[in-house]
Amino acid sequence: MIHHVSIEVSELERSAGFYDAVLRPLGWRRQIDTNDLAAWGIVRPVFFASMGRPAAPGGGHVCFSAHGIPAVKAAWEGGIAAGGTDDGPPGPRRQYGPAYYSAYMLDPDGYRIEVAVSAD
């Protein structure tokens, strides 16, 4: 289980709008909103974006769970509309299991974001 994830962003307002658009269809809401920090979650904040250090995307990615294929599609569409870049449109990813369905995008700072649903 993930306790929390934190990323550094270059423009908090722009990134917060992007993550609002991606996470809202998944049932998440913004729970912390200050001048240099925003955080989202369902019950408690678990995903944080801040401007405390320079943005520095690298390897890996963050994957958010969805409750179904429509939520994957809505999150990806929201992210692209909010300034994200397509990095793999919604679709099955059989290499990760027979019921795995996901979408990939890059956030405004270049972090790779995945939204996925699977039967496992």
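Residues numbered from 1 in each chain as written. Predicted model: local features only at pLDDT ≥ 70, side-chain atom pairs only at ≥ 80, totals over all residues. Heavy atoms only, no water.

Student: Looking at this structure, how should I read the overall build of the chain?
Tutor: If you tally the helices and strands in the chain, you get two helices and eight strands. Starting at the N terminus and ending at the C terminus, the chain contains elements arranged as β-α-β-β-β-β-α-β-β-β. Taking 120 residues into account, the globule formula puts the C-alpha radius of gyration at 14 Å, and the chain, at 14 Å, falls close to it. Along the three orthogonal principal directions, the C-alpha set of the chain runs to about 40 × 30 × 25 Å. Here the chain holds 120 residues, and 43% of them are scored as buried. (Helix = DSSP H or I, 4+ residues; strand = E, 2+ residues; numbered from the N terminus. Rg over C-alpha atoms; globule rule 2.2 N^0.38 Å. Buried < 20%, exposed > 50% of the residue type's maximum accessible area, 1.4 Å probe, protein only.)

Student: Would you mind showing me how to read the nonpolar core here?
Tutor: Taken as a class, soluble globular proteins show a tendency for nonpolar side chains to be buried jointly. Ranked by size, the top nonpolar core spans 29 residues in total, and within it Y19, L23, L26, W40, F47 and F64 carry the most contacts. Those elements giving two or more residues to this core turn out to be α1 (12–23), β3 (37–41), β4 (45–50), β5 (62–65), α2 (69–81), β7 (101–106) and β8 (112–117). Ranked by residue count, the leading element in this core is α1, at six residues. With near-sequence residues (within four places) excluded, L26 lies in contact with I42, F64, S65, A66, H67, A71, A75 and V115. (Core = buried A, V, L, I, M, F, W, Y, C linked by side-chain atoms within 4.5 Å. Contact = heavy atoms within 4.5 Å.)

Student: Would you mind showing me how to read the environment of A55 here?
Tutor: With respect to the helices and strands, A55 occurs in the loop between β4 and β5. Counting along the chain gives 44 residues from A55 to E11, while the straight-line C-alpha distance between them is 9.2 Å. If we ignore the near neighbours within four places in the chain, the residues touching A55 are E8, V9, S10, D109 and Y111.

Student: I tried to follow the packing of α1 against α2 on my own but got confused; where do I start?
Tutor: For any two helices packed against each other, one specifies the crossing angle of their axes together with the interaxial distance. Interhelical geometry of α1 versus α2 gives an angle of 160° and a closest axis separation of 7 Å. What the angle tells us is that α1 and α2 run roughly antiparallel. Where α1 crosses over α2, the two elements pack in a sense that is right-handed. Counted together, F18, A21 and V22 of α1 and A74, A75, G78 and G79 of α2 form the full contact between these two elements. Taken together, the residues that form the contact of α1 with α2 break down as five nonpolar, two polar and no charged. (Axes fitted to C-alpha atoms, helices over the stretch in contact; angles between N-to-C directions. Parallel < 35°, antiparallel > 145°, perpendicular 65-115°, else oblique. Left-handed = near helix turned anticlockwise from the far one by under 90°. Nonpolar A, V, L, I, M, F, W, Y, C, P; charged D, E, K, R; others polar.)

Student: Just to check I follow, could you spell out the pairing of β4 for this structure?
Tutor: With five of six residues buried, β4 lies mostly within the body of the structure. As paired elements, strand β1 (residues 5–8) and β4 share four bridges and run parallel to each other. Within β4, the residue paired with I7 across the bridge is A49. Pairing between β3 and β4: five bridges, direction antiparallel. Residue A38 lies in a different strand from β4, and its bridge partner there is A49. (Pairing = 2+ DSSP bridges.)

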